[in-house]
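One letter stands for each residue in the lines below.
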Amino acid sequence: PVVDVQENAKLTIRSSGSTCTSLQMGYNLPPGDGGGGGNKIVEAITPILTIGAIVLFFLSPLGGIFFAVTNSLFILALLTPILIGIGFNAW
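Predicted model only: the values in this text are computed from it and were never measured.

(A) Fine view of a nonpolar patch on the surface. A cluster of nonpolar side chains, Phe57, Leu62, Ile65, Phe66, Val69, Leu73 and Leu76, forms an exposed patch at the surface whose accessible area comes to about 680 Å². The element that contributes the greatest number of residues to the nonpolar patch is helix α2 (residues 61-90), accounting for 6 residues. If you trace the backbone, Leu73 turns up in helix α2. Look at Leu73 and you get exposed, because its relative accessible area is 53%.

Here it is as structure tokens:
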């Protein structure tokens, strides 16, 4: 007799009393839309809308604040070693 343990694994019991487990691997495709290709416009416009949203964010006042904070941190990271070196030499 054959007992199904999982979808693709089978446990086989032989008449001699020994047990043999065999695993049969299968490739299951995920469910799809049938490959109709009707979403070509959506596939083409998604990156355009993403780029547009990023540009609009950086043109907004909130984007300006983001630029100010990140540029300040960047300048601070560049100037800190120089200021530390000057201060150490002056000390």
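(B) Up close: the packing of aromatic side chains. A complete count under the given rule lists 5 aromatic pairs for this structure. Judged by centre distance (5.1 Å) and plane angle (65°), the ring pair of Phe57 and Phe58 falls under edge-to-face. The rings of Phe57, Phe58, Phe66 and Phe67 are connected pair by pair, giving a single aromatic cluster.

Calculation criteria
- Residues numbered from 1 in each chain as written.
- Predicted model: local features only at pLDDT ≥ 70, side-chain atom pairs only at ≥ 80, totals over all residues.
- Heavy atoms only, no water.
- Patch = residues over 30% accessible without salt bridge, like charges linked within 9 Å, V, L, I, M, F, W, Y side chains within 5 Å.
- Areas by Shrake-Rupley, 256 points an atom, 1.4 Å probe, with all protein chains shown as cover.
- Salt bridge = Lys/Arg side-chain N within 4 Å of Asp/Glu carboxyl O.
- Helix = DSSP H or I, 4+ residues; strand = E, 2+ residues; numbered from the N terminus.
- Buried < 20%, exposed > 50% of the residue type's maximum accessible area, 1.4 Å probe, protein only.
- Phe/Tyr/Trp six-rings, centres within 6.5 Å; stacked < 30°, edge-to-face > 60°.

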